[in-house]
Amino acid sequence: MSSARSEILANIRRSLGVNGLESPRKLEVQSRLSQKPRGLIPSRGAGEVEAQLNIFKREAEIVSAHVHILDSLNQAPAEIARLMKSHDLPMALRLGADQRLNGLDWSQAGLALSFGPSKGDDQAAFSHAFAGIAETGTLALLSGPDNPTSLNFLPDVHFVALAQNDLVSDLETVWVRLRKLNGDHHLPRTINLITGPSRSADIEQTLLLGAHGPRHLHILIYRH
């Protein structure tokens, strides 16, 4: 610990009349770390699955994302092909190693597929989200070979699949689900929270899409 930081903390302890070694204080910290209590959660994103879907769609579209509702993930190849034609994009798509996406029937989509992280020369990519946050219309994507982080930022158009059952009301629930799935010691290296396409208004307060990532974000929410 740096000497400046040590001095600051020592001053704080003196003002509180403590030394940092008191058993009750140490137990309180240990209890908080082990129990992970939740703070006050707004009810904005709460509700049944259909209600959460409507809230998520509304919030995502407010920030210029496009939300498409599919009955099944099996419909994704045809829907992506249709959207790529509407964008007048080259019919080429990059994916990671996620078997939910790679195992789909792409034979009739007319798309040239490539796999692995993007090197920056891909026009379009397809990922699968870990969760969707209804409160803010936000996607949570986990890094790793299944869904490389580079696919979230380098292509101009990003397609993201989201299972309707993976919709949650708030960000805090994402962390609960992640710990339940992986435990505290096997978390992904990066968790990307994506709310709409990339944007910036730094230059003359003019909103520019695609400033630091995709200009277009298409979220494919599938029910089954």
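These lines cover the structure that appears in this document, whether it is placed above or below.

**Some words on a nonpolar patch on the surface**
Then, number 1: A cluster of nonpolar side chains, contributed by Ile 8, Ile 12 and Leu 16, occupies part of the molecular surface with about 290 Å² of accessible area.
Then, number 2: When you line up the elements, Leu 16 lands in helix α1 (residues 3-16).
Then, number 3: The exposure class of Leu 16 is exposed, given its relative accessible area of 56%.

**Some thoughts on the sheet that holds strand β7 (residues 157-163)**
Then, number 1: The strand order across the open sheet built from 6 strands is β1-β12-β7-β4-β2-β3, with neighbouring strands paired in parallel fashion. Both edges of this open sheet fall to β1 (66-70) and β3 (112-115), since each of them pairs with a single strand only. Taken over all neighbouring pairs, the strand axes of this sheet differ in orientation by 25° on average, direction set aside.
Then, number 2: Direction of pairing for β7 relative to strand β12 (residues 216-222): parallel, over a ladder of 7 bridges. Bridging from a neighbouring strand, Val 157 pairs with His 216 of β12.

Calculation criteria
Going along each chain's sequence as written, the residues are numbered from 1 onward. Totals for whole chains, interfaces and linings use every residue, but because this is a predicted model, local features are given only for residues with pLDDT of at least 70 and side-chain atom pairs only at 80 or more, for both listing and counting. Note that water and hydrogens are dropped before the side-chain values are worked out from all heavy atoms of the structure. In this scheme, patches are assembled from residues that exceed 30% relative accessible area and form no salt bridge. Like charges are connected within 9 Å, while nonpolar side chains (Val, Leu, Ile, Met, Phe, Trp, Tyr) are connected within 5 Å. For accessible areas, the Shrake-Rupley method is used with a probe of radius 1.4 Å. Any residue's cover is judged against the shown protein chains and nothing else. A pair is scored as a salt bridge if a Lys or Arg side-chain nitrogen falls within 4 Å of a carboxyl oxygen belonging to Asp or Glu. Strands are runs of DSSP state E lasting at least 2 residues, helices are runs of H or I lasting at least 4, and numbering of each runs from the N terminus. Exposure categories follow from relative accessible area, calculated using a 1.4 Å probe and restricted to protein chains: below 20% of the type maximum is buried, above 50% is exposed, and the middle band is partly exposed. Note on pairing: two strands pair once DSSP finds at least 2 bridges between them. Note on definitions: angles span 0 to 180 degrees between N-to-C directions of axes, and those axes are lines fitted to C-alpha atoms, for helices only across the stretch in contact.

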